[in-house]
Amino acid sequence: MDFQSALTSLFSAEGRQDPYPAYDVLRGHAPVFQAIDDRWFVTTHELTSRILRDPGMRVSDATDYDGFWPDWRENRGVAAIVRSMLQNNPPDHTRVRRAAASTFTARRVAAMRDVITQQAGELIEAMPGETDFMTAFAYPLPIGVICALLGVPDTDMPWFRRQAAGLTVVLEPISTEEEMRAADAAARELEDYFIGLIAERQRHPREDLTSALAAAGSGLTGSELLANLVLLLVAGFETTTNLLGTGLRILLDHPDLAARLRADPGLAPAFVEEMLRYDSPVQLASRFTSTAVELDGRKLEAGSALTLLLGSANRDPARYPDPHRFDPDRPNVQPVSFGGGAHYCLGAPLARLEAQVAFPLLLATLPGLALAGVPEHRDRLVLRGYATLPVTTG
């Protein structure tokens, strides 16, 4: 595979099934290179980590969208994400992030362990002898957990899963008109739902995240509150769903390592970190330079667009020797899967906790768990995960 075919493969359905050979070629070509509409691509762990943490880098925000997509507000799915802290820069991002972080605390996340354990146990008990793991477990667990955190009633969870699944396409740079119409419709329904939930929690607060964010002292405007609740719902389940699916496939492909984790659940944190490195649920991130910078000897002008290949960075042999080998004993694993710096994923601790609870429980309760067919990846460039993962529970 040469450089041009490697780059092209990332934008093809076939190439996205396994992008790692292409990443090797692109990384071997250069740590940073310019291609496709003058965009800069970053391939190494060292540069990716530095850029993610550089306060001089910015994300595309509403002002940028006004320039290249003037009617973006007409699609409520796009509008919800652009107005959230995901697509905000300082000072708005600093203010909104501080408000969200003050409610999405380590204590609140840690308190979810019992909820995660209970929900995971119930899902495992309900799994039939042969099933699609994504449908039976990987989707319903994260959506159930985030709904519990937000204070959404159990009866509304299936509806939430459908809406959130339809909305995630707005996080992708490639989509169809039909997918974007579905995202718009899903966002409108979610906004209507959250308007009602926010009003209810303002009248009758509870011990949930919606009540905390809706409190008068949160400092969020009404549109900011709405956008960030939608973001927390979508981001709160999509990446974790992908982590659960890819993580289980890794364990089933390495029965000796699965046996180690089954015997010692205390190994779960190390296993999960290596899963995040080995097959990241988020493959790309984008940044823009706010001033002229130099990267690996290349001079980038202010306003330059960068695509950070997170999946490539996580398998950079300069950072991780023998990077294509899954090794939970690998020292000092620091995947860039959840980003870094000011935009580091707020829900990363919750995603980690769900996986750390789920995998030992699955292995202990279902020791005969095995693949029952050929898994199918979703055709996505940014959010990598399985569409189906057929298993037998033994």
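In case you missed it, the structure is sitting above this.
Note that the structure is predicted; figures quoted are calculated from it, not measured.

Outline the pattern of salt bridges, listing residues and values.
Applying the stated criterion to the full structure yields 23 salt bridges. Measuring nitrogen to oxygen at the nearest pair gives 3.1 Å for the salt bridge that ties Glu200 to Arg203. Here the residue Glu200 and the residue Arg203 both occupy positions in helix H13 (residues 177-203), the gap between them amounting to three residues, near one helical turn. Taking relative accessible area as the criterion, Glu200 reaches 24% and is therefore assigned partly exposed. As a salt-bridge pair, Asp327 and Arg325 come within 3.5 Å of each other at their nearest N and O atoms. Classification of Asp327 as buried rests on a relative accessible area of 13%. A single network of salt bridges, built from pairs that share partners, joins Arg58, Asp61 and Asp64.

Go over the packing of aromatic side chains with me, naming the residues and quoting the values.
For the structure shown, the criterion picks out 15 aromatic pairs. Pairing Phe3 with Phe33 gives two aromatic rings, centres 5.0 Å apart and planes at 85°, and the pair type is edge-to-face. A residue pair is termed long-range when its members are at least 10 positions apart, and Phe3 in helix H1 (residues 3-9) and Phe33 in strand S1 (residues 32-35) qualify at 30 residues. Of the aromatic side chains, those joined through ring pairs into one cluster are Tyr65, Phe68, Trp69 and Trp72. When the ring centre of Tyr320 is taken as origin, the NZ or CZ atom of Arg277, which lies over that ring, is 5.2 Å away. Sitting over the ring of Tyr278, Arg315 keeps its end group 4.1 Å from the ring centre.

Summarise helix H16 (residues 255-263); cite the residues concerned and give the values.
Those residues of H16 lying buried are Leu257, Ala258 and Leu261. Projected down its long axis, H16 carries its buried residues within an arc of 105°, all on one side. Pointing more than 90 degrees away from the buried face of H16 are the exposed residues Pro255, Asp256 and Ala263. Where the residues of H16 are buried, they touch helix H15 (222-253), helix H17 (268-278) and helix H19 (348-365).

So, H13: which residues are in play, and what are the values?
Here H13 contains 27 residues, and its C-alpha end-to-end distance of 39 Å stays within 8% of the 39 Å for a straight helix at 1.5 Å per residue. Turning to H13, its buried residues are Met180, Ala183, Asp184, Ala186, Ala187, Leu190, Glu191, Phe194, Leu197, Ile198 and Arg201. Here the buried face of H13 lies against helix H6 (76-82), helix H11 (140-150), helix H12 (157-167), helix H14 (209-214) and H15.

Explain the sheet that holds strand S5 (residues 284-289) residue by residue, including any values.
Strand order in the open sheet formed by five strands is S1-S2-S8-S5-S3, and the pairing between neighbours is mixed. At either end of the open sheet lies a strand with only one pairing partner, and these are S1 and strand S3 (57-58). The sheet contact formed by S5 and strand S8 (residues 305-309) spans five bridges and is antiparallel. Across the sheet, Leu284 pairs through a bridge with Leu309, a residue of S8. On the sheet, helix H4 (residues 45-53) packs against S1, strand S2 (39-42), S3, S5 and S8 and is oriented at approximately 125° with respect to S8.

Conventions we followed
Residues numbered from 1 in each chain as written. Predicted model: local features only at pLDDT ≥ 70, side-chain atom pairs only at ≥ 80, totals over all residues. Heavy atoms only, no water. Salt bridge = Lys/Arg side-chain N within 4 Å of Asp/Glu carboxyl O. Helix = DSSP H or I, 4+ residues; strand = E, 2+ residues; numbered from the N terminus. Buried < 20%, exposed > 50% of the residue type's maximum accessible area, 1.4 Å probe, protein only. Phe/Tyr/Trp six-rings, centres within 6.5 Å; stacked < 30°, edge-to-face > 60°. Lys NZ or Arg CZ within 6 Å of the ring centre and 35° of its normal. Arc of directions from axis to C-beta. Contact = heavy atoms within 4.5 Å. Expected span 1.5 Å × (residues − 1). Pairing = 2+ DSSP bridges. Axes fitted to C-alpha atoms, helices over the stretch in contact; angles between N-to-C directions.

Any link to function would need more than the numbers given here.
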